[in-house]
Amino acid sequence: MTKVKHPKLQNPIEKQFNNVSRYHYYLYFLIFSSKIPTFWHVLNLIFLSPPIDYYCNVTDDAANSTKNICPCDEPVWDKSVFSETMQTKFGLYCESLWLVSFAQSMMFVGLLIGSLVFGLLSDRYGRLSMFSMSCLITAVSGCLVSAMPTAAAFTFMRHIEGIGTGGAIITSYVLCIEYTGVRHREVITALFHLPLNISHMTLPGISYLLRHCDEFQLALSIPLLFYVGMRWMVLESPKWLMDSDRIDDTVIAMEKLASYAGLPIENIRNQIEEYSAHHSTKSRRRIKIWHIFRHKKLALNFLYMSIIYFLCGMGYYGVTQYISKMSGNIHINVAISGLLLVPGTIAAIFLLQILNRRTFLMTTIFLSSLFMIFNVCIPMYYKWMRVVIACICNCFFFMSFIIVFLFGVELFPTSVRNSVLGILSVLARLGQIVAPYINALSENASGIVFGVLALSGTLVCYLLPETKDTELPSSLDDMKALSRKKIHLEEDVEVNQNVTTSSIVQ
């Protein structure tokens, strides 16, 4: 007998999922690959309505003197880079140029609504069905965006596109984490964000090949139609099925998964029924989102996470816009900004396994604050140095986004997990909406605001409980048991392959 440290697992689903099977690789591949076209829709307005020049009263002698002037009756657009954009298609310039920013704002509002609505719906109707519906909405509305005849119709359809995109992001992440055991949760969380980096880097390539905004939009939307079929390609989350008191469906799903992994299935029903009966299924089934606010400790945890989500959303998207002010080729700039996030994502894979959740979150937010304040102190004529420091700051903000998503999932029980994550995502979107107004300040002033607010977020992180190496909570009692100190649990295990294999199920 050898003593090794392991989280003491009781949930039979968590026990079986603590080992990654072939089915997990299949599921992760589908979910991760779906993130690439999903996040294209978050960033696509960069190339649907890029900066584009126009000329008025063009003559051979004074073309430059008539560039981008207002008023202008018959603009001649510079189509040397893009053959058609939102501006050229709908004639948006001078007094109507505000519609470009409004269309992006309505997309963000759609993301906000989609995160909230599909978070609530998935807690009631299941993760998988709501994910498929979200992909369908995004794919159909995305295709229709290219056919809209007016700027108003374009903006409305972009709003619907945002609703589907927000829903797909939330539901896929929770589905992914609920299929992952404690042992691999950190790695999967970090890897889940790697397709976002790929999406960021590949979007400029699609735009480079398809310079017409309608063709570009169709190319982004059609691939998502494939993921609508995931409703029939994978199994619903067993964790959600069990905590929704659908025991028979849970048993069927777990037996299938065990057979895929070559594990015995004889005792699965007894284990699930025994665990479900012992852990107060009735109370789990009746919990609603507002029940959290009846308990001071839980309400405070929700408040702390709300502040942190808002600051992470504002910081990451705000600093991304801050960096986008660089001059040069738009395709290269966007690709580089995405590439610079990859080191942070890879580092998170290892740091999540070493550091506690709260320690990691505090560190990344503090360093993002530190580098942004340092950036402000650098003289303006050191342009490239300021850009590099801002990119490092943004990388730490992105890393904080990785950990805060996992933290939010681990803090709240199954029956309200997607609902809470939807609300928290709404607050992140509000931070995203606020960011452009901060960037409207002078460069140094906006940097100071981002830095100081991030510093305040570091203090809020300290107040959160620690969730590393704990099972996903199923009830309010599980949430109350969380402590700000890391809990070390030891479990006796025999270093024997046969015993280890059988203990996954037993």
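This text follows the structure it describes.
Calculation criteria
- Residues numbered from 1 in each chain as written.
- Predicted model: local features only at pLDDT ≥ 70, side-chain atom pairs only at ≥ 80, totals over all residues.
- Heavy atoms only, no water.
- Helix = DSSP H or I, 4+ residues; strand = E, 2+ residues; numbered from the N terminus.
- Buried < 20%, exposed > 50% of the residue type's maximum accessible area, 1.4 Å probe, protein only.
- Contact = heavy atoms within 4.5 Å.
- Areas by Shrake-Rupley, 256 points an atom, 1.4 Å probe, with all protein chains shown as cover.
- Core = buried A, V, L, I, M, F, W, Y, C linked by side-chain atoms within 4.5 Å.
- Disulfide = S-S within 2.5 Å.
- Expected span 1.5 Å × (residues − 1).
- Bend = angle between axes of the 7 residues up to and from the residue.
- Patch = residues over 30% accessible without salt bridge, like charges linked within 9 Å, V, L, I, M, F, W, Y side chains within 5 Å.
- Salt bridge = Lys/Arg side-chain N within 4 Å of Asp/Glu carboxyl O.
- Axes fitted to C-alpha atoms, helices over the stretch in contact; angles between N-to-C directions.
- Nonpolar A, V, L, I, M, F, W, Y, C, P; charged D, E, K, R; others polar.
- Phe/Tyr/Trp six-rings, centres within 6.5 Å; stacked < 30°, edge-to-face > 60°.
- Lys NZ or Arg CZ within 6 Å of the ring centre and 35° of its normal.
- Parallel < 35°, antiparallel > 145°, perpendicular 65-115°, else oblique.
- Left-handed = near helix turned anticlockwise from the far one by under 90°.

Colleague: Please provide a residue-by-residue account of the overall build of the protein chain, values included.
Modeller: The number of helices and strands found in the protein chain is 24 helices and 4 strands. Looking at the 506 residues of the protein chain, the share that counts as buried comes to 56%. Contacts spanning at least 24 positions in sequence make up 80% of the contacts within the protein chain whose residues lie at least 6 apart. Carbon together with sulfur atoms contributes 64% to the accessible area of the protein chain, which is approximately 21,700 Å² in total.

Colleague: Please give an account of the nonpolar core that cites residues and values.
Modeller: Among the nonpolar cores identified, the biggest contains 126 residues, and Ile-308, Leu-361 and Val-404 are the most heavily contacted of them. Tallying contributions element by element places helix H20 (residues 383-411) first for this core, with 18 residues.

Colleague: Tell me about the state of the cysteines, and please be specific about residues and values.
Modeller: One way to say it: the disulfide is the covalent bond shared by the sulfur atoms of two cysteines. Inspection of the entire model under this criterion finds 2 disulfides. Two residues share a disulfide in this structure: Cys-56 and Cys-72, whose sulfurs sit 1.3 Å from each other. Of the two residues, Cys-56 sits in the loop between strand E2 (54-55) and strand E3 (76-77) while Cys-72 sits in the loop between E2 and E3, which places them 16 residues apart along the sequence. With respect to class, Cys-56 is no different from Cys-72; both count as buried. Shown here for the protein chain is a disulfide pattern of 1-3, 2-4, where each number marks a bonded cysteine counted in sequence order.

Colleague: Describe in detail helix H8 (residues 185-209), supporting the description with residues and values.
Modeller: Between its first and last C-alpha, H8 extends 38 Å over 25 residues, near the 36 Å set by a 1.5 Å rise per residue. The sharpest bend along H8 measures roughly 30° and falls at Thr-202, with the proline Pro-204 sitting one to four residues further on.

Colleague: An account of a nonpolar patch on the surface is needed here, citing residue identities and associated values.
Modeller: Residues Leu-136, Val-140, Leu-144, Leu-218, Ile-222 and Leu-225 make up a contiguous nonpolar surface patch of about 470 Å² in total accessible area. Per element, the largest residue contribution to the nonpolar patch is 3 residues, and it comes from helix H6 (residues 127-145). Tracing the chain through its elements places Val-140 in helix H6. By relative accessible area, Val-140 is classed as partly exposed at 39%.

Colleague: Give me the packing of helix H2 (residues 22-43) against helix H9 (residues 213-221): which residues, what numbers.
Modeller: Two elements in contact, H2 and H9, have axes separated by 9 Å at closest approach and are oriented at 145°. Between H2, through Pro-37, Trp-40 and His-41, and H9, the contact on the second element is made entirely by Gln-217, Ala-219, Leu-220 and Ser-221. Counted by class, the contact of H2 with H9 contains 4 nonpolar, 3 polar and no charged residues.

Colleague: If you had to explain the pattern of salt bridges to someone new, which residues and values would you point to?
Modeller: Should their charged atoms come close, side chains of opposite charge can pair. For the structure shown, the criterion picks out 9 salt bridges. For the salt bridge of Lys-89 with Asp-214, the shortest nitrogen-to-oxygen distance reads 2.9 Å. With Lys-89 in helix H4 (residues 86-90) and Asp-214 in helix H9, this residue pair connects regions lying 125 residues apart in the sequence. Overall, the relative accessible area of 18% leaves Asp-214 in the buried class.

Colleague: Hey, could you go over the packing of aromatic side chains for me, with residue numbers and the actual values?
Modeller: In the structure shown here, the tally under the stated rule is 17 aromatic pairs. Considering the side-chain rings of Tyr-28 and Phe-32, the 5.9 Å spacing of their centres and the 15° angle between planes classify their relative orientation as stacked. With Tyr-28 and Phe-32 both in helix H2, this residue pair falls 4 residues apart, about one helical turn. Residue Tyr-28 is classed as buried on the basis of its relative accessible area, which comes to 5%. Between the aromatic rings of Phe-32 and Phe-192, the centroid separation amounts to 6.1 Å while the plane-to-plane angle is 80°, which identifies the pairing as edge-to-face. Note that Phe-32 is positioned in helix H2 and Phe-192 in helix H8, a separation of 160 residues in sequence. Using a relative accessible area of 3% as the deciding quantity, one classes Phe-192 as buried. Every member of this aromatic cluster is reached through a ring pair, and the members are Phe-17, Tyr-23, Tyr-26, Tyr-179 and Tyr-260. For Arg-211, the ring lying beneath its charged end belongs to Tyr-208, and the centroid distance is 4.5 Å.

Colleague: Tell me about unusual backbone geometry, and please be specific about residues and values.
Modeller: Phi is mostly negative for residues that are not glycine, and the peptide bonds are mostly trans. Omega for the peptide link from Cys-70 to Pro-71 comes to -5°, which places this bond in the cis form. Its location among the elements puts Pro-71 in the loop between E2 and E3. In this structure, Cys-94 is a non-glycine residue whose phi angle is positive, near 55°. A positive phi angle, close to 65°, is found at Asp-245, a residue other than glycine. Mapped onto the elements, Asp-245 comes out in the loop between helix H12 (238-243) and helix H13 (247-261). Of the residues examined, Asp-245 reaches a relative accessible area of 35% and is grouped as partly exposed.

Colleague: Please set out H20 residue by residue, giving values where relevant.
Modeller: End to end, H20 covers 42 Å across 29 residues, agreeing with the expected 42 Å (1.5 Å per residue, within 8%). The element H20 is extensively covered by neighbouring structure, given that 24 of its 29 residues are classed as buried.

Colleague: An account of the packing of helix H7 (residues 151-178) against H8 is requested, with residue identities and associated values reported.
Modeller: With their axes 10 Å apart at the nearest point, H7 and H8 run at an angle of 155° to one another. Accordingly, the angle class assigned to the pair H7 and H8 is roughly antiparallel. In this structure, H7 meets H8 at a crossing whose hand is right-handed. Along its contact with H7, which presents Ile-169, Ser-172, Tyr-173, Cys-176 and Ile-177, the element H8 presents Arg-185, Ile-188, Thr-189 and Phe-192. Residue composition of the contact of H7 with H8, by class: 6 nonpolar, 2 polar and 1 charged.

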